[in-house]
Amino acid sequence: MAEAHSPLEQFRIRSLVDIELGGIDASFTNSSLMMVIAVVLTGTFLMVGMRHRALVPGRWQSMAELSYEFVANLIRETVGTEGRPYFPIIFTLFMFIFFGNMIGMLPYSFTFTSHIIVTFGMAIVVFVAVTVLGFVKHGLHFFSFFVPPGAPIGLWPLLIPIEIISYLSRPISLSVRLFANMLAGHTLLKVFAGFVVALGVGGVLPLAFIVALTGLEMLIAFLQAYVFAILTCLYINDALHLH
Amino acid sequence: MNEGRPPPPLEDLDSRLRAAKARGKPRGGAKGGGQPGSANQGLGFALRIGVDLVAALAVGVGLGLLIDEALGTRPWFMVVFFFLGAVAGMLNVYRTVSGIGHGVGYKPAERAPREDEAEKTAGTEKAPPEGDDESGGRK
């Protein structure tokens, strides 16, 4: 870490195990490591937490149940009971992003959600899945999605491209939102951390600010996972109930 | 952990079960966008809007450039789609804020009861749009 003074240094991808598959660099990087840790932590959190299956839950089991119920309620409120089959994907996404964001809050760790390719990968999976779901549920009637009901036919050439752009912007906004929030937050933390050293005694002020900002970042970490999950729900809702 | 606290009496389990079942009924959902129920939802809601505006614009410009690339009409489609993208972005924000669906479509999220919605999609191919007068007023 000797040369690493740039606030952006924390986002550097380092290859831990070099793997090359057919000319593609598929190395196991620090990002991959953090993802594996997130998955393992999530699995541990849920499986060990639910190990006793007590009728009166202990602390850990309460937390596991709380996270389950949180996502279940989210789906019930946004999609209704038809959304039940999609619980696994939404819960997985939520926990993965949440743990990824939270792991990133630890010093010397790496926030994999601060890389757009990661968030975009998840967003495009959601987008393609929702589109396929719409086609499966409604067939070609799905295209009526792009025509606002009651619009005069003369306006269709104008409205349909707008609706299509609006639809295509979903994965972009979904991924950029998460990535930008994580990137900006962590960069801000590092920048202010730099001020602490530079200002000497006066560095108490930025230090206090960092403490507050860390709290805010924790909130953002949760909120972004929440927003990602709720938007996935809303997209599924849109695909299930065309207007 | 739950030191000495007696478990909730099983007598009211029935009523709680009924309440839970009632909650599970398909009802006018999709309140996530329109009425932020808690502080969390409100903030999550606010975080959503800014990106929506820009993302549609970026998609519009990107799409325009792609079409230009294919047809060899360099600036024209990009210009047109820039404006379409800007409109789509504003539409996104407008829809999120006013709680009409959450992206594409004009379905009023709060007003349309979900039961009708389910029947419409299951039964008739194309029901007459109920939101006609409303969308007319919105233009």
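Residues numbered from 1 in each chain as written. Chains lettered and ligands numbered in written order. Predicted model: local features only at pLDDT ≥ 70, side-chain atom pairs only at ≥ 80, totals over all residues.

## As for the overall build of chain A
Helices and strands together make up the secondary structure of chain A, namely 6 helices and 4 strands. Helices (α) and strands (β) of chain A occur, in sequence order from the N terminus, as β-β-β-β-α-α-α-α-α-α. For chain A, the spread of C-alpha atoms along the principal axes amounts to about 70 × 50 × 45 Å. Looking at chain A residue by residue over its 243 residues, the buried ones come to 36%. (Helix = DSSP H or I, 4+ residues; strand = E, 2+ residues; numbered from the N terminus. Buried ≥ 20, exposed ≤ 12 C-beta atoms within 10 Å, placed from the backbone.)

## Section: the overall build of chain B
The number of helices and strands found in chain B is 5 helices and 0 strands. Ordered by position in the sequence, the α and β elements of chain B form the string α-α-α-α-α.

## Here we look at the environment of alanine 38 of chain A
All names here are of chain A. On the secondary structure map, alanine 38 appears in helix 1 (residues 30-49). For the pair formed by alanine 38 and serine 144, sequence separation is 106 residues and the distance between their alpha carbons is 40 Å. When neighbours within four sequence positions are excluded, alanine 38 is seen to be in contact with Phe96, Phe99, Gly100 and Ile103. (Contact = placed C-beta atoms within 7 Å.)

## Details of the nonpolar core
Counting 60 residues, the largest nonpolar core has Phe94, Ala229 and Cys233 of chain A as its most contacted members. Mapped by element, the contributors of at least two residues to this core are helix 1, helix 2 (59-78), helix 3 (87-104), helix 4 (116-138), helix 5 (156-199) and helix 6 (204-240) of chain A together with helix 2 (39-71) and helix 3 (74-98) of chain B. Look past the residues within four positions of cysteine 233 of chain A in its chain and what remains in contact with it is Leu74, Ile75, Thr78, Val79, Gly83 and Ile90 of chain A. (Core = buried A, V, L, I, M, F, W, Y, C linked by C-beta atoms within 7 Å.)

## Topic: helix 2 of chain A
All names here are of chain A. When the terminal C-alpha atoms of helix 2 are compared, their 28 Å separation across 20 residues agrees well with the 28 Å that a helix rising 1.5 Å per residue should span. Where helix 2 is concerned, the buried positions are Val71, Leu74, Ile75, Arg76 and Thr78. Glycine 80 sits one or two residues past helix 2 and shows a positive phi near 95 degrees. (Expected span 1.5 Å × (residues − 1).)

## With respect to the packing of helix 1 of chain A against helix 2 of chain A
When two helices pack together, their arrangement is given by the angle between their axes and by how far apart the axes lie. All names here are of chain A. For the pair helix 1 and helix 2, interaxial distance at closest approach is 8 Å and the crossing angle is 115 degrees. The element helix 1 and its partner helix 2 pack so that their crossing is left-handed. Only Trp60, Gln61, Met63 and Ala64 of helix 2 make contact with helix 1, whose side of the interface consists of Phe45, Leu46 and Gly49. The residue inventory of the contact of helix 1 with helix 2, partitioned by class, reads 5 nonpolar, 2 polar and no charged. (Axes fitted to C-alpha atoms, helices over the stretch in contact; angles between N-to-C directions. Left-handed = near helix turned anticlockwise from the far one by under 90°. Nonpolar A, V, L, I, M, F, W, Y, C, P; charged D, E, K, R; others polar.)

## With respect to the packing of helix 3 of chain A against helix 6 of chain A
Residues and elements named next belong to chain A. The interhelical angle for the contact between helix 3 and helix 6, taken along N-to-C directions, is 160 degrees, at an axis separation of 8 Å. In terms of orientation, helix 3 and helix 6 fall into the roughly antiparallel class. In the packing of helix 3 onto helix 6, the handedness of the crossing is right-handed. From helix 3, Ile90, Leu93, Phe94, Ile97, Phe98, Asn101 and Met102 reach across to helix 6, where they touch Ala221, Phe222, Gln224, Ala225, Phe228, Ala229, Thr232 and Cys233. Classifying every residue of the contact of helix 3 with helix 6 gives 12 nonpolar, 3 polar and no charged. (Parallel < 35°, antiparallel > 145°, perpendicular 65-115°, else oblique.)

## Digging into the confidence of the model for chain B
Residues and elements named next belong to chain B. Looking at chain B as a whole, its pLDDT mean stands at 65, while 46% of the residues score no less than 70. Of all secondary-structure elements in chain B, the lowest mean pLDDT belongs to helix 5 (residues 132-138), at 39, while helix 3 reaches the highest, 88. Scored below 50 in pLDDT, residues 26-37 shows 41 contacts in the model against residues more than four places distant or in partner chains. Ignoring residues within four places in sequence, the model shows residues 102-139, a span with pLDDT below 50, making 69 contacts including any to other chains. (pLDDT = per-residue confidence, 0-100.)

## Thoughts on helix 3 of chain A
All names here are of chain A. Over its 18 residues, helix 3 runs 25 Å from end to end, which matches the ideal 26 Å to within 8%, given 1.5 Å per residue. Within helix 3, the full set of buried residues consists of Ile90, Phe91, Phe94, Met95, Phe96, Ile97, Phe98, Phe99, Gly100, Asn101 and Gly104. Elements that come into contact with the buried residues of helix 3 comprise helix 1, helix 2, helix 5 and helix 6.

## Considering the environment of isoleucine 89 of chain A
Residue and element names in this part refer to chain A. The residue isoleucine 89 is located in helix 3 in this model. Look at isoleucine 89 and you get partly exposed, because 15 C-beta atoms sit within 10 Å. Taking the C-alpha atoms as reference, isoleucine 89 lies 31 Å from leucine 213; in sequence the two are 124 residues apart.

## With respect to unusual backbone geometry
All names here are of chain A. Positive phi values are uncommon outside glycine, yet arginine 53 reaches one of about 50 degrees. With respect to the secondary-structure elements, arginine 53 resides in the loop between helix 1 and helix 2. A tally of 7 C-beta atoms within 10 Å means that arginine 53 is categorised as exposed. Unlike most non-glycine residues, tyrosine 108 shows phi in positive territory, near 70 degrees. Here tyrosine 108 lies in the loop between helix 3 and helix 4.

## Section: the environment of leucine 57 of chain B
Residue and element names in this part refer to chain B. Along the polypeptide, leucine 57 turns up in helix 2. Classification of leucine 57 by C-beta neighbours within 10 Å gives buried; the count is 24. In this structure the C-alpha to C-alpha distance between leucine 57 and valine 87, which are 30 residues apart in sequence, comes to 8.0 Å. In this structure leucine 57 touches Gly85, Ala86 and Gly89, once residues within four positions along its chain are discounted.

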